[in-house]
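# What the coordinates show
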Number of protein chains: 2
Amino acid sequence: MRRSEIRGHLLDTALRLFNQHGYHATGIDLIIAEAGVAKTTLYRHFETKEELILAALERRDEEDRNAMRAFVEQQARDPAERLLATFDFLEATVRDKQFRGCMFLSAAGEHKDTVDPVFRAALMHKRLVLAYFEELAHAARFAEPKRIAIEINLLHEGAVAVAQITRTAEPTRQAKRMAQQLLAAEERLAPPARGGDAEQRTQAET
Amino acid sequence: MRRSEIRGHLLDTALRLFNQHGYHATGIDLIIAEAGVAKTTLYRHFETKEELILAALERRDEEDRNAMRAFVEQQARDPAERLLATFDFLEATVRDKQFRGCMFLSAAGEHKDTVDPVFRAALMHKRLVLAYFEELAHAARFAEPKRIAIEINLLHEGAVAVAQITRTAEPTRQAKRMAQQLLAAEERLAPPARGGDAEQRTQAET
DNA sequence: ACAATATGTAACAGATCGGTATCGATACTA
DNA sequence: TAGTATCGATACCGATCTGTTACATATTGT
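In this text the structure is predicted, and so the values were computed from the model without any measurement.

What counts as what
- Residues numbered from 1 in each chain as written.
- Chains lettered and ligands numbered in written order.
- Predicted model: local features only at pLDDT ≥ 70, side-chain atom pairs only at ≥ 80, totals over all residues.
- Heavy atoms only, no water.
- Near = heavy atom within 4 Å.
- Polar contact = N/O pair within 3.5 Å; in protein donor to acceptor, adjacent residues only side chain to side chain.
- Helix = DSSP H or I, 4+ residues; strand = E, 2+ residues; numbered from the N terminus.
- Nonpolar A, V, L, I, M, F, W, Y, C, P; charged D, E, K, R; others polar.
- Buried < 20%, exposed > 50% of the residue type's maximum accessible area, 1.4 Å probe, protein only.
- Contact = heavy atoms within 4.5 Å.
- Domains from an automatic or database assignment.
- Buried area = accessible area lost by both parts, 1.4 Å probe.

### Remarks on the protein's contact with DNA strand D
Taken together, 20 residues surround DNA strand D, and among them A:Thr41, B:Ile28, B:Lys39, B:Thr40 and B:Lys49 come closest. Counting only atoms of DNA strand D within 4 Å of the protein, the sugar-phosphate share comes to 59%. Contact between DNA strand D and B:Lys39: a base oxygen at 2.7 Å from a side-chain N or O atom of the residue. For DNA strand D, a phosphate oxygen lies 3.1 Å from a polar atom in the side chain of B:Tyr43. Going through the elements one at a time, α1 (3-21) and α3 (39-45) of chain A together with α2 (28-35) and α3 (39-45) of chain B are the ones with two or more residues in the surface near DNA strand D. The greatest single-element share of the surface near DNA strand D, amounting to four residues, is contributed by α3(A). Taken together, the residues of the surface near DNA strand D sort by class into five nonpolar, eight polar and seven charged.

### Some remarks on the side chain of A:Glu151
Looking at where A:Glu151 falls in the secondary structure, it is placed in helix α8 (residues 145-166). With a relative accessible area of 7%, A:Glu151 lands in the buried category. Setting aside its immediate chain neighbours within four residues, A:Glu151 contacts A:Leu182, A:Glu186, B:Gln174 and B:Met178.

### Some points on the domain arrangement of chain A
Residue and element names in this part refer to chain A. You can read the domains of chain A as domain 1 (1-46) and domain 2 (57-184). Taken over C-alpha atoms, the centre of domain 1 sits 27 Å from the centre of domain 2. Counting residues at the interface gives ten residues for domain 1, matched by twelve residues for domain 2. Across the domain 1 to domain 2 interface the summed buried area is about 1,000 Å²; carbon plus sulfur atoms make up 54%.

Listed below in structure tokens is the structure:
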């Protein structure tokens, strides 16, 4: 294996094991065994286990949000429809056989102290996801994009939490229906003056 | 300390520490030190740590559901209002300074294998809570009590998950507002024929 | 009061934890 | 091709993990 690939391979392996067994239950020895790497090598890339966890979460944070953006933007053009499409993305991730719950919520659950760097990494991820929802809600011209984003986020967290226990994808569809119903009753600002690009105006019936 | 109280005291201590640090991160030595009890004593009451966890979750399950029932039934008489009052109970638990997330979701997050007894204990708790919601939804004469219960449950899980990260009680109020809005649009069956006891009929306008 | 039972103390066991040191082999670079 | 940095393998470290053993002491039911 080329030197430049080792770090990424270690992160991928660690992420898989953290997802499968949790953070405390996954020992360094297991990670290096699964990665096929010597312990010295791991500790040349990461000073401590905590640093490995943080790097892994950082990687996962970017992967997740990029994947959601890509999925959602390819799924719909209208921002309001994109807000709903985030639930389809959620359904896809939950359907994965390897799904065992949100890695960030689990990380926060195993590092409950709010000053713990792992907790803060999880918090940061959730903030960024919320910011994306708010960006979509703003683009969809909802009168209160912040509140809409918080509501969508709450439905996401609920769906994932229930899915973690039931191990079915149904909660994500349920959450989408609830989001549809809630958004349909929401006030929207007037569409902007017709600009240069012809923007599709598929507005939800109220 | 009297012999008959030791088991309960151990469970309380273990629950407090599990909530504070998590399950894997809480060692037996810490539990016995905090409980002021010898290690031999603990192992005469519980054969393994897993058995201690299971007994602790069982205790907490009953405590939680009894507390919710008591709170909700004292808070409102109308079943529909009681469904909403469950969010007030949630808010009270989240406001507790010791709140660090749902112990059952955390337990499932640290024991992700669906055949793990700890996971199954968490699953059982969630099923019983859902059954209570369904009981209330049925009493409130909603046309689809099962679906209503699932929706309420999803809002609960979302609120607790967000509260675990943000460490604020706001998500529980948000979830209650969402529940109010969703329930207001729901079909209700006709009230039953006037029976013996005068039942209050505070029906939500549709 | 007596006998049975449960307790505290403390040492111990074997395994595993995160992390380090040594060293020979291998790969990249000048 | 010589030098340098990283690799894998392995042994090791002290700490901590769950769980056990032995024995003296306290509490309990009869």
